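Close look at the chain arrangement
Here is what each chain is made of, one letter per residue.
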Amino acid sequence: MKENNKQIIIQEVISKKKQMTKRVDAKQIMKAYNYAKEHHGDQKRRSGEPYIIHPINVAYILAEVGLDEATICAALLHDVVEDTEITDKDLRRDFGEEIADMVAGVTKLGKMQFTTVEEQQVEDYRKMFLAMGKDIRVIIIKLADRLHNMRTLKFLKRDRQIANAKETMEIYAPLANRLGLYSIKWELEDLSFKYLYPEEYHDLVEGINKKREERLKFIEKIMNDIRLQLKKQRIDAEVTGRAKHLYSIYKKMQRDNKTLDQIYDLFALRILVNSVKDCYSALGVVHELYNPMPGRFKDYIAVPKPNMYQSIHTTLLGEKGTPFEVQIRTWDMHRIAEYGIAAHWAYKEANFMGRGKQVVKLEEDKLAWLRESLEWQKEMQDPQEFLDTLKTELFEDEVYVFTPKGAIKVLPRGATPIDFAYSIHAEIGHHMTGCKINSKMMPIISKLKSGDIVEIITAENSKGPSRDWLKFIKSTSAKNKINSWFKKEQKSENIEKGKDLIEKEIKRIGVAYTELFKNEYIEPMLERYKYKNTEEMYAAVGFGANSAGKIIARILQEYRKEHEEENIEEKIEQLNKQKGKKQKPSNSGIVVKGIENCLVKLSKCCNPLPGDEIIGYITKGRGVSIHRKDCVNVNDLITEENRIIDVKWYEEAKETYNVNIEILANDRHGLLVEILNVIKDTKAKLMGVNTKTTKDRIAIIDLNIEIENIEELNKVIRVIKKVDSVYEVRR
């Protein structure tokens, strides 16, 4: 980045742009500069400098990171609509839609104030920022604008310095990081650090300067040794050293609770080469010269970071065991590391730092990081077209709007002021009579846009919500609150409707109402559905929260106990009279207490195995059903105590049992074969397999195996868990 104390002129912006690409429309850039200079006129900055100095600096920062002419022109013009008599219409007439759209985007973002950001709202602001700046170039202009403002922060009062620095650290530096613009991110962090923690900043600068000479000699010797060895191996490389950024050193001191004297890797070496092959050759050279530090090697070339950063990082031990870091990358990777998204702009050749032509391949996979890290909702059909315009569909499923006091509310796309009112409080929604959007009276079914300021008008004598509102609102929360209001307000109507539905259901099954509706049958039903009384039950049925069929079915369970199966215990006792005789197991290897030759079925809902704790449930006409005691259905069964019977596994049984296993793993080549091989080494017999892979590359493998007991199953689960890439195995 350019030094802060040197004034930049427009010719330097054009020269910098020419370093980055062959063809430059200098005429268009000069037209934008003269236009901005003329209309800003005698305006001054807080520093007393002519105002035009600011847009020139912003344009220079963008030229440094390789942005196109349209973006540089928009940077030169970014304040004319806000601060001069020029209108958006004038700009569209004089410079066209593309540049005018970017200026309008920057103007809109400039109106957002983050100084009172609450911790939990920071990420919402970042997302809203991205959603409002549909063209990513708008965000980059705003970042460059903020960077120049931070460089000249000394001219503001202390309270404004703190507010701006906090806002920069929380919002702008993370945005630069998210877009891979590290050169901007690091400077924003260091400048924010300087104003937020001035004492710590100056102590750190002073401490680093004290030992600067000693450390420079140390790093210079290492660089010369590496250069010599690389030359011997005929590897064309540039070796440079740089001091680590102040804020990153400070964070490391805080995180590890260390003093500056205990932080050794204050300098990092960078080796820039021509190819990926040379990267690994250079790695071999440095590892031969110095011992690598265990656990401090990262290969971001093989596995790039989400924002497309690629490099090899290794920490080595120099003389006297002093550690230092080395980063190895190609020139293309270095450009991306410095300039992120801007490195893949819509030109195909770059002349980077005099190193000759660097072909920038505009491939879809180079932008996969953007779809992932910014949560795209739509697939791009043509990545080339995307690069040409860089229009994004970021966070299209949400809108971000403000209360009049500046609090942010996140609502679904297409949300209305009704959704907004209910997001504040149910009573605000119930008493809503109108709304203002950006201080203007608007219909309450208007669709909200990100950045809107919404004010809700209420009245105490409001009749409440309308059922028509349900047709327009988008948030589930608002729908639930409106439905609850109708449920409460129309309770008597719902009770009558519920009674009618219950009576119709009783007539359908042919039982007299008076015979069925007795306290001893009703109480268990009320308890089952957590109703306080029958009125509440009728209201729920009338409103549609429960059905008459379910209510009557539960009452019938109690009714039948008394009328159809009241002697079931006696029947069981008669069958249990064969005492003293050794019981034979059923064909499933189960002994049912006191009963022989009993039909026994293992329940499919929980698939019990020998070794599991089990209970028996006497079914109607289908024998005894066996469940594990921890089965999810057991709670419903034990309410009918006279149907529960003691059962146990027959110890001498050698039956086999089928069981299903679900395996979750990160998908990779040869995964299924490896899993099947480890199962082959156990006694289990594979009966069936079904696999599928999600779009996130998660493999879901369902196995059906035949085993003899629970111990055998546990062994199978253990061996599968040891397979590489498997992270969960469950029955």
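Since the model is a prediction, treat every value here as computed from it, not as a measurement.

Thresholds, definitions, all that
- Residues numbered from 1 in each chain as written.
- Predicted model: local features only at pLDDT ≥ 70, side-chain atom pairs only at ≥ 80, totals over all residues.
- Heavy atoms only, no water.
- Pairing = 2+ DSSP bridges.
- Helix = DSSP H or I, 4+ residues; strand = E, 2+ residues; numbered from the N terminus.
- Axes fitted to C-alpha atoms, helices over the stretch in contact; angles between N-to-C directions.
- Patch = residues over 30% accessible without salt bridge, like charges linked within 9 Å, V, L, I, M, F, W, Y side chains within 5 Å.
- Areas by Shrake-Rupley, 256 points an atom, 1.4 Å probe, with all protein chains shown as cover.
- Salt bridge = Lys/Arg side-chain N within 4 Å of Asp/Glu carboxyl O.
- Lys, Arg positive; Asp, Glu negative; His and termini not counted.
- Charge placed at Lys NZ, Arg CZ, Asp CG, Glu CD.
- Contact = heavy atoms within 4.5 Å.
- Nonpolar A, V, L, I, M, F, W, Y, C, P; charged D, E, K, R; others polar.
- Core = buried A, V, L, I, M, F, W, Y, C linked by side-chain atoms within 4.5 Å.
- Buried < 20%, exposed > 50% of the residue type's maximum accessible area, 1.4 Å probe, protein only.
- Phe/Tyr/Trp six-rings, centres within 6.5 Å; stacked < 30°, edge-to-face > 60°.
- Lys NZ or Arg CZ within 6 Å of the ring centre and 35° of its normal.

Attention now goes to the sheet that holds strand β11 (residues 440-442). The strand order across the open sheet built from three strands is β11-β10-β12, with neighbouring strands paired in antiparallel fashion. Looking at which strands have only one partner, the edges of the open sheet turn out to be β11 and β12 (454-458). On average, each strand axis in the sheet is inclined to that of its neighbour by 35°, with strand direction left out of account. In this structure, strand β10 (residues 432-437) lies alongside β12, joined through five bridges in antiparallel fashion. Bridged to K436 within β12 is E455.

Right, let's get into a negative patch on the surface. Residues E199, E200, D203 and E206 make up a contiguous surface patch of negative charge. The topology assignment puts D203 in helix α12 (residues 198-210).

Relative to each other, helix α11 (residues 182-196) and α12 sit at 115°, their axes nearing to 5 Å. Each of D190, F193, K194, Y195 and L196 in α11 lies in contact with α12, whose residues at this interface are P198, E200, Y201 and L204. A breakdown of the residues in the contact of α11 with α12 according to their chemical character gives six nonpolar, no polar and three charged.

Attention now moves to the side chain of R270. Examined against the element boundaries, R270 turns out to sit in strand β2 (residues 267-273). Contact partners of R270, with chain neighbours within four places excluded, come to E238, V239, T240, R242, Q327, R329, H334 and E338.

A contiguous patch of positive charge, built from K683, K715, R718 and K722, is present on the exposed surface. With respect to the helices and strands, R718 occurs in helix α30 (residues 710-721).

Of all hydrophobic cores here, the largest spans 61 residues; its most connected members are V13, L62, L76, L77, L91, L143 and I184. Among the elements that make up this core, the one with the highest residue count is helix α9 (residues 136-151) (nine residues). Beyond its immediate chain neighbours, meaning those up to four positions away, L77 contacts A32, Y35, A36, L91, F95, I99 and V103. In terms of nonpolar packing, the next biggest core, distinct from the first, is built from 37 residues, L204, L266, C279 and M333 among them.

Applying the stated rule across the entire model yields 14 aromatic pairs. Geometrically, the ring pair formed by F218 and F324 is edge-to-face, given 6.1 Å between the ring centres and 80° between the ring planes. Of this pair, F218 sits in helix α13 (residues 212-232) while F324 is found in strand β5 (residues 323-330), placing the two residues 106 residues apart along the sequence. Among the residues examined, F218 registers a relative accessible area of 23% and is labelled partly exposed. For F324, a relative accessible area of 1% gives the class buried. Counting every residue linked through ring pairs, the aromatic cluster contains F193, Y197, Y201, Y247 and Y250. Between K31 and the ring centre of F95, over which it is positioned, the NZ or CZ distance is 4.7 Å.

Turning next to the sheet that holds strand β15 (residues 614-618). Strand order in the open sheet formed by four strands is β14-β16-β15-β17, with mixed pairing between adjacent strands. Of all strands in the sheet, those bounded by a partner on one side alone are β14 (600-602) and β17 (644-645). Pairing of β15 with β17 involves two bridges; the strand directions are antiparallel. Across the sheet, Y617 pairs through a bridge with I644, a residue of β17.

On to the pattern of salt bridges, then. Scanning the model with the defined rule gives 19 salt bridges in all. A salt bridge links K221 to D225; the shortest N-O distance between them is 3.1 Å. Of this pair, K221 and D225 both sit in helix α13, four residues apart, which is roughly one turn of the helix. Taking relative accessible area as the criterion, D225 reaches 28% and is therefore assigned partly exposed. A salt bridge links R730 to E662; its shortest N-O distance comes to 2.6 Å. Of the two residues, R730 sits in strand β22 (residues 726-730) while E662 sits in strand β19 (residues 657-666), which places them 68 residues apart along the sequence. Judged by its relative accessible area of 24%, E662 is partly exposed. Residues joined in a network through salt bridges with shared partners are D88, R92, E97 and D101.

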